[in-house]
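Summary of the model geometry
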Amino acid sequence: MACGLTGTGTGTGTCGSSCYKDNNDGIEDSTNTFSPPSSTTLLPHMKLCYKCKEEEVINSTGGLCGICFRNSLFAKFKQSITTHDLISSTDNILIAFSGGPSSRVVLEFVHEIQQKAQKNSDASRDKLYPVFGVGVAFIDESAVTSIASDDLDNAMQDLRLIVSSLALPTKELHIVPIQSIFSTDLKDGRNKLNELLDTVNDVTGKEDLLCHLRMLCLQKIAFENKYNKLVLGSCTSRIACHVLSAAVKGQGYSLPADIQYIDARWKTPVVLPLRDCLAQELNLLCRLNSLKTLDVLDAPRSGINDLVSKFLTTLQEENPARERTIVRTAEKLIPFHFNRLKETKDTDETLPRRRRRKVNLQPYESVPSEFLCSICCSPINKLDMECLNSKLEGCETNFTIFGASCCPSCQFQILPKDSSSREQFYSLLPRQMTTRASDFIGGDQTWLREQIKDCLLSDSEDGT
Amino acid sequence: MEDNDGKQKKAGGRLCSICTQRKAALKRPKTLEQICRECFFDVFEEEIHKVIIDNQLFKSGERIAIGASGGKDSTVLAYVLSELNRRHNYGLDLFLLSVDEGITGYRDDSLETVKRNEVQYGLPLKVVSYKDLYGWTMDEIVKMIGLKNNCTFCGVFRRQALDRGAALLKVDKVATGHNADDIAETVLLNILRGDIARLGRCTSIITGEDGPIPRCKPFKYTYEKEIVMYAYFKKLDYFSTECIYSPNAYRGFAREFIKDLERIRPRAILDIIKSGEDFRISTTTKMPEQGTCERCGYISSQVCYIFSCLHI
Amino acid sequence: MQLTLEFGGGLELLCESVKIHNVNVDLEAGEEKLTMKDLLSWVRTNLIKERPEMFMKGDSVRPGVLVLVNDCDWELSGQLDTTLEEKDVVVFISTLHGG
């Protein structure tokens, strides 16, 4: 009976019982032990890796040995890079390194492909084959966290060691305090940053604002040091969390912008090569390969973000494939035109996923511009934009003009409600954010009106 | 209580932010306003009226069945709809439509509540039972298939039973009591199970316009808290027990999550619905096929499987 | 202190299906007033017979349980800090049951 139901996949599904099995992970299969090769000395209770059939299986790898487990993760990383052209040989990429397992693995894997590229180049006759460059950025947030200075010093030492102990080619390390986006004087910047965060009442809003500031800071490092791509370690679990948080914050429209392999809405495009790996897998890899992480810097999440991550932990325990399913749902939403690189060429047409993505992207080629929120850079829905436009009528202060260029979610959770904090908030914002607003809106609102008109037109064309 | 000075003091002497006369009785989750009981009745009813008008849920002269389970949502819906129908001259013929799944100790009790509502609100009641429609009660089905998947069975059966009951009543539309919390929960569940087709549809206020009988949700933007408060203050007669056959932990997690969210940010419920409405879902996304049952000729995507499974 | 406690929306099932309880709650020694926080722990010990997790989470009611003190939403009177007086009526209603 159950087969009939799960087979159709169209049920009301209130039970959601057996439909979500994902064979990729978690589920250990006792039939994986096959017949052990006679060459290895094995204890009778040992299970063998189902891939190489030589080494012993490591727990929670889904039946793999340590080496095959690493290879499988590396393969996912490599696959996303090649399928979506995330890194090309002429690139100079900046890795955003937080010290957590995900960014640690990114660093490791990027280093590996860089070394391979170097070898190939060295082997080539004229040595003209270019090798992409790699830099590492660490954003020092000690200005706003309560980390003990000893711990921070130790972490910085570890950080330098991690980067310097990687073999050639040398990777430049940029350790930049987050307050540097406010002022060149770090003490002044620190005060401004803290004052700014103090004007935000909502704890979730505070945390999210800090996150947007971090991105500004990364973009600044990339721009000033001539990197042309920013690599983030966002993994499936992180993205699943973001999908739910965004839904809860009313950001359903902009959600697909944030979860793609490529996000080119920034001056320096952002790429996510670990998008298909689970946090659990990356943690395990760090443990198995003794990759040092800077756990002391881990900040607990707060408010909505904390609730979402706890909810997801519960769900993941109930069904280990849940995070993947969530990301897969969000993948089916239509991405934005900036979710690919301009020079993307069609290389491999054999992959069905790639074809599907192409189809999804096509209708939006005709609408290349989106209005982006001045704070979080999320594209704003046309209905919200009309509402925003009506708010612009008769606005006077800097704050109200700025506020009108923010998405409803930022308006709610970040912008201060009481008039006394408002102008202060605006005066403290880093220049990048305020210019973003005035760039878009300008002195008059013609641009905005044009945008709305465009949106409405393209809407009827699409037949949506 | 209002005549008691000692009690008034307790609410900090807070007055209703609408009438500024009477003592505030609740905090609205939607607006965080503190309002008195009388103003609450007004805004609650008028908001639903506005939703009905703005979305053109009904046309004058239509026959409307209210899906009535005896629970809080459908009881309040029946009460408010008959009230608004009178007050604003909607010109609707309202009926109560109940499904008797045949679950002893659950549906038989709640049906008694619906029968009292029939008298209290003067709305004609029609009960359709699984036993009559399918020859099986839910008790008998559970006895046969056990507790696994029974919610799926029951859900599919109930959907169809409502349609058939609506056809018998010759109504133009069925109004159901799904509230904002329910819809937010459904949005989350569809994200969690990767069901993009349903994710696209689940926030629509009217569904099934292409099907035999459209359904609408006048409580789409109404908080569960307000529905329960309304029922309590109006002393409405409703039945509240969880179905004895619903073991679904996973749905429970989602519900609990919504309630946790509401506590720290009441607006999150409406934000989830907004997200659901704004999702960029391709219109070419394949929708589940609607087939026709070979046995009864009824439009259905799934019932045939179930019937063949049960060897009915 | 004499109080009337009412359980609805399915919560009555946790206390032997009795909806209205007229109870006498004594103040803790040294305490001057009874708060909702005190009352909740008293209810949990003395009235709830099964599945206390359906009623409470941490030291407060489970999210989704409405509380009214003298027919007034406890969110207006300070929730756990609400102080109770002689002959007060406290109502607990679960919103978590089917509709």
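Please refer to the structure higher up on the page.
The text that follows walks through the structure, step by step, so that each part is easy to find. Just so you know, these numbers come straight off a predicted model, no measurement behind them. (Residues numbered from 1 in each chain as written. Chains lettered and ligands numbered in written order. Predicted model: local features only at pLDDT ≥ 70, side-chain atom pairs only at ≥ 80, totals over all residues. Heavy atoms only, no water.)

**Examining the pairing of strand β1 (residues 92-96) of chain A**
All names here are of chain A. Most of β1 sits out of view: four of its five residues are buried. Sheet topology places β1 next to strand β2 (residues 133-140); five bridges connect them, and they run parallel. Across the sheet, the residue bridging to L94 is G135, located in β2. In terms of strand pairing, β1 meets strand β4 (residues 229-231) through three bridges, oriented parallel. Its bridge partner being in β4, I93 is matched across the sheet by K229. (Buried < 20%, exposed > 50% of the residue type's maximum accessible area, 1.4 Å probe, protein only. Helix = DSSP H or I, 4+ residues; strand = E, 2+ residues; numbered from the N terminus. Pairing = 2+ DSSP bridges.)

**Quick notes on helix α5 (residues 186-199) of chain A**
All names here are of chain A. Under the 1.5 Å per step criterion, the end-to-end length of α5 is 20 Å for 14 residues, consistent within 8% with the ideal 20 Å. Inspection of α5 places G189, L193, L196, L197 and T199 among the buried residues, and these make up the whole buried set. Across the axial projection of α5, the buried residues extend over an arc of 155 degrees, all falling on one side. Facing away from the buried side of α5, by more than 90 degrees, are the exposed residues K187 and D198. Structurally, α5 contributes buried residues whose contacts are with α6 (203-224) and α16 (419-428). (Expected span 1.5 Å × (residues − 1). Arc of directions from axis to C-beta. Contact = heavy atoms within 4.5 Å.)

**A word on the sheet that holds β4 of chain A**
Residue and element names in this part refer to chain A. The strand order β3-β2-β1-β4-β6-β5 describes an open sheet built from six strands, whose pairing is mixed. Where the open sheet ends on each side, the last strands, each with one partner, are β3 (172-177) and β5 (262-263). As defined by bridge partners, β5 adjoins strand β6 (residues 270-271) across two bridges and the pair is classed as antiparallel. For I262, the partnering residue across the bridge sits in β6 and is V271.

**Considering empty space enclosed by the protein**
Under the definition given, this model contains three cavities of 30 Å³ or more. Counted as a void, the largest cavity has a volume near 80 Å³. Lining the largest cavity are 14 residues; nearest its centre among them are G250, Q251, P379, D384 and P408 of chain A. Contributing elements (two or more residues each) for the lining of the largest cavity: α15 (408-413) of chain A together with α12 (268-278) of chain B. The residue makeup of the lining of the largest cavity, split by class, is five nonpolar, six polar and three charged. Split by domain, the lining of the largest cavity shows at least three residues from each of two domains, domain 1 (39-365) and domain 2 (371-456) of chain A. (1 Å grid on protein atoms, 1.4 Å probe; cavity = no way out; pocket = protein on both sides within 12 Å on 5 of 7 lines; lining within 4 Å. Points joined across faces, edges and corners; volume = space filled by probe spheres on them. Nonpolar A, V, L, I, M, F, W, Y, C, P; charged D, E, K, R; others polar. Domains from an automatic or database assignment.)

**Considerations on the packing of aromatic side chains**
Any aromatic ring pair is given by two values, namely how distant the centres are and how the planes are angled relative to each other. Evaluated as defined, the whole model comprises 22 aromatic pairs over all chains. Their ring planes at 35 degrees and their centres at 5.8 Å tell us that F74 of chain A and F77 of chain A sit as a pair that is tilted. With a gap of three residues between them, F74 of chain A and F77 of chain A both fall in helix α2 (residues 66-83), about one helical turn apart. Note on F74 of chain A: relative accessible area 9%, which makes it buried. According to the relative accessible area criterion, F77 of chain A is buried, its value standing at 0%. With 5.2 Å between their ring centres and 55 degrees between their planes, F77 of chain A and F109 of chain A make a pair best called tilted. Separated by 32 residues along the polypeptide, F77 of chain A in helix α2 and F109 of chain A in helix α3 (residues 101-123) bring together distant segments of the chain. Pair check on accessibility: F77 of chain A and F109 of chain A agree, each one buried. When the ring centre of Y232 of chain B is taken as origin, the NZ or CZ atom of K235 of chain B, which lies over that ring, is 4.6 Å away. It is R267 of chain B that lies over the ring of F412 of chain A; its NZ or CZ is 4.0 Å from the centre. (Phe/Tyr/Trp six-rings, centres within 6.5 Å; stacked < 30°, edge-to-face > 60°. Lys NZ or Arg CZ within 6 Å of the ring centre and 35° of its normal.)

**Quick notes on the packing of helix α7 (residues 236-248) of chain A against helix α10 (residues 303-318) of chain A**
All names here are of chain A. Running from N to C, α7 and α10 point in directions that differ by 125 degrees, and their axes come no closer than 9 Å. Regarding the angle of α7 to α10, the classification is oblique. You can see that α7 and α10 cross each other, and the crossing is right-handed. Here S237, A240, C241, L244, S245 and V248 of α7 come into contact with α10, specifically with I304, N305, V308, S309, F311 and L312. (Axes fitted to C-alpha atoms, helices over the stretch in contact; angles between N-to-C directions. Parallel < 35°, antiparallel > 145°, perpendicular 65-115°, else oblique. Left-handed = near helix turned anticlockwise from the far one by under 90°.)

**Here's the deal with the nonpolar core**
Nonpolar side chains tend toward joint burial in soluble globular proteins. If you look at the biggest cluster of nonpolar residues, it comprises 95 residues, and the most contacted ones within it are L209, L213, L244, I375, F402 and F425 of chain A together with I191 of chain B. Broken down by element, this core gets its largest block of residues, nine residues, from α6 of chain A. Beyond its immediate stretch of four places on either side in the chain, F402 of chain A contacts S374, I375, L415, F425, Y426, L429, M433, T434 and A437 of chain A. Counting residues in hydrophobic clusters, the runner-up holds 51 residues, among them L26, F44, L96 and L236 of chain B. (Core = buried A, V, L, I, M, F, W, Y, C linked by side-chain atoms within 4.5 Å.)

**Some thoughts on the interface of chain B and chain C**
At the junction of the two partners, chain B supplies 34 residues and chain C supplies 36 residues. When chain B packs against chain C, the two sides together hide about 2900 Å² of surface, and 53% of this comes from carbon and sulfur. Two residues, K57 of chain C and E256 of chain B, come together in a salt bridge whose shortest N-O distance is 3.4 Å. Taken together, the links from chain B to chain C amount to 11 residue pairs in polar contact (both at pLDDT 80 or more). Elements with a contribution of two residues or more to the side of chain B that touches chain C: α1 (5-10), β1 (26-27), α3 (72-87), α10 (224-233) and α11 (249-264) of chain B. (Buried area = accessible area lost by both parts, 1.4 Å probe. Salt bridge = Lys/Arg side-chain N within 4 Å of Asp/Glu carboxyl O. Polar contact = N/O pair within 3.5 Å; in protein donor to acceptor, adjacent residues only side chain to side chain.)

**Focus: the environment of G62 of chain A**
Residue and element names in this part refer to chain A. Checked against the element boundaries, G62 lands in the loop between α1 (2-8) and α2. The buried category is assigned to G62, whose relative accessible area is 14%. Note: C-alpha distance between G62 and V327 (265 residues apart in sequence) is 20 Å.

**Section: the pairing of strand β3 (residues 63-67) of chain B**
Residue and element names in this part refer to chain B. Counting buried positions over the five residues of β3 gives four, a clear majority of the element. The pairing of β3 with strand β4 (residues 93-100) spans five bridges and is parallel. Bridging from a neighbouring strand, A65 pairs with F95 of β4. Taking the sense of rotation as the criterion, the β-α-β connection linking β3, α3 and β4 turns out right-handed. Two elements, β3 and strand β6 (residues 173-175), share three bridges in a ladder whose sense is parallel. Paired with A65 across the strands is V174, a residue of β6. (Right-handed = clockwise from strand over helix to strand, strands pointing away.)

**Some details on the pattern of salt bridges**
Inspection of every chain in the model, using the stated rule, returns 57 salt bridges over all chains. With a shortest N-O distance of 2.7 Å, D73 of chain C and K225 of chain B are connected by a salt bridge. A residue pair is termed interchain when its members come from two chains, as with D73 of chain C in strand β7 (residues 72-73) and K225 of chain B in helix α10. The pair D73 of chain C / K225 of chain B is uniform in exposure class, with both members buried.

The values reported here are purely geometric and, on their own, carry no functional implication.
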